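Close look at the chain arrangement
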Amino acid sequence: MTRWHDADDRPRVIALWGMPRSRSTAFFRMMTERGDFHVLHEPFSNLAEFGSVEVGDLTVRKESELTSAIRELSRSEPVFFKDTTDERYPALLDDEAFLGRDATHTFIIRHPAQTIASYHALNPEVRLHQIGAEAQFEIYQAVAERSSGPPVVFDSSDLVADAPGLVAAYCAAVGIPFLPDALNWRPGERDEWHRTSRWHADASASAGFRTTPREYGTDLATDPVLSSYLRHHLPFYESLHRRRLHPAGLE
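So, how was this worked out
Residues numbered from 1 in each chain as written. Predicted model: local features only at pLDDT ≥ 70, side-chain atom pairs only at ≥ 80, totals over all residues. Heavy atoms only, no water. Salt bridge = Lys/Arg side-chain N within 4 Å of Asp/Glu carboxyl O. Helix = DSSP H or I, 4+ residues; strand = E, 2+ residues; numbered from the N terminus. Buried < 20%, exposed > 50% of the residue type's maximum accessible area, 1.4 Å probe, protein only. Polar contact = N/O pair within 3.5 Å; in protein donor to acceptor, adjacent residues only side chain to side chain. Contact = heavy atoms within 4.5 Å. pLDDT = per-residue confidence, 0-100. Phe/Tyr/Trp six-rings, centres within 6.5 Å; stacked < 30°, edge-to-face > 60°.

1. Here we look at the pattern of salt bridges
Two side chains that carry opposite charge are able to pair once their charged atoms sit near each other. In the structure shown here, the tally under the stated rule is 11 salt bridges. A salt bridge links Arg-146 to Glu-96, with the shortest nitrogen-to-oxygen separation between them at 2.7 Å. Taken together, the residues Arg-146 in the loop between helix H7 (133-144) and strand E7 (152-155) and Glu-96 in helix H5 (residues 96-99) connect sequence positions 50 residues apart. With relative accessibility at 28%, the residue Arg-146 sits in the partly exposed group. According to the relative accessible area criterion, Glu-96 is partly exposed, its value standing at 49%. Between Arg-101 and Asp-102 there is a salt bridge whose closest N-O contact spans 3.6 Å. You can call Arg-101 exposed: its relative accessible area is 73%. Residue classification places Asp-102 among the partly exposed positions, given a relative accessible area of 22%. The structure contains a network of salt bridges with shared partners spanning Arg-71, Asp-95, Arg-101 and Asp-102.

2. What about the side chain of Thr-67?
On the secondary structure map, Thr-67 appears in helix H3 (residues 63-74). At a separation of 2.7 Å, a polar atom in the side chain of Thr-67 contacts the side chain of Asp-95. Filtering out sequence-adjacent residues up to four positions away, Thr-67 remains in contact with Phe-44, Leu-92, Asp-95 and Phe-98.

3. Remarks on the confidence of the model for the protein
Residues at a pLDDT of 70 or more form 84% of the protein, whose mean pLDDT is 87. Low confidence marks residues 1-6, where pLDDT is under 50. Its contacts with residues over four positions away, or in another chain, come to 11 contacts.

4. What to know about the packing of aromatic side chains
Overall, the coordinates contain 13 aromatic pairs when judged by the stated rule. An angle of 50 degrees between the planes, with centres 5.4 Å apart, marks the rings of Phe-44 and Tyr-89 as tilted. Of this pair, Phe-44 sits in helix H2 (residues 43-50) while Tyr-89 sits in the loop between strand E5 (79-84) and helix H4 (90-94), and the two are 45 residues apart along the sequence. Summarising the aromatic geometry, the rings of Phe-137 and Phe-236 are spaced 5.7 Å apart at their centres and angled 50 degrees between planes, so their arrangement reads as tilted.

5. Points about the side chain of Ser-156
You can see Ser-156 is positioned in helix H8 (residues 156-161). The contact partners of Ser-156, leaving out residues within four places of it in the chain, are Ser-22, Arg-23, Ile-108, Ile-109 and Arg-110.

6. What about the environment of Ile-131?
Tracing the backbone shows Ile-131 in the loop between helix H6 (112-122) and H7. Given a relative accessible area of 0%, Ile-131 falls into the buried group. Separated by 112 residues in the primary sequence, Ile-131 and Met-19 have C-alpha atoms spaced 6.7 Å apart. Excluding residues within four positions of it along the chain, Ile-131 makes contact with Met-19, Pro-20, Pro-112, Thr-115, Ile-116, Val-126, Tyr-229 and His-233.

Below, the structure written as structure tokens:
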């Protein structure tokens, strides 16, 4: 029997670009549960931080080689990767084909006030660019300029409010089947995020898309540095938020 990804119109590479602390790792966990993609966890940011990353059987040590390695892997099986935008990736932005025809790029956003508070709790030395909305918007624009239609954007608040509806809409938008059983999984750390496990404790403890109210003890309004971060990144978030995908069945 022909599998969906043996069809001529199958997406060979799907990328998810997320602001830090945007629940992108939980979305990655759902994609691993599907079982129909080879999944890569933060290949660009791991290469930037650790100097090397595994892509299938290849060890990549240069950013300029990473998109080629992903392409090569996708020739044998569909690839899904998620990455964060707390750093800028110049080689990605220079790769016209990868930004256009060679990959389907999607974007998960979160209000920067929430990202700032969550990031600051893990790293009080967080810098302006690490909030990620500006770099994410730059990738979005680069992809949009090379695409026939607007790239898929969704807000993580919509994801936790209506996971079935949002994921169904996402799957329809990128051209893959919606698999409801993948919305739940067993808690546990995955090998893919072992090197950065402290950043993914919530995802490791999760069994599905849930939201847990949390107080970080940070008042952005009274912190001059963090409030300046919010002012800087908010316009980029708001621009993407206006373009966001709505859960299936909603307009």
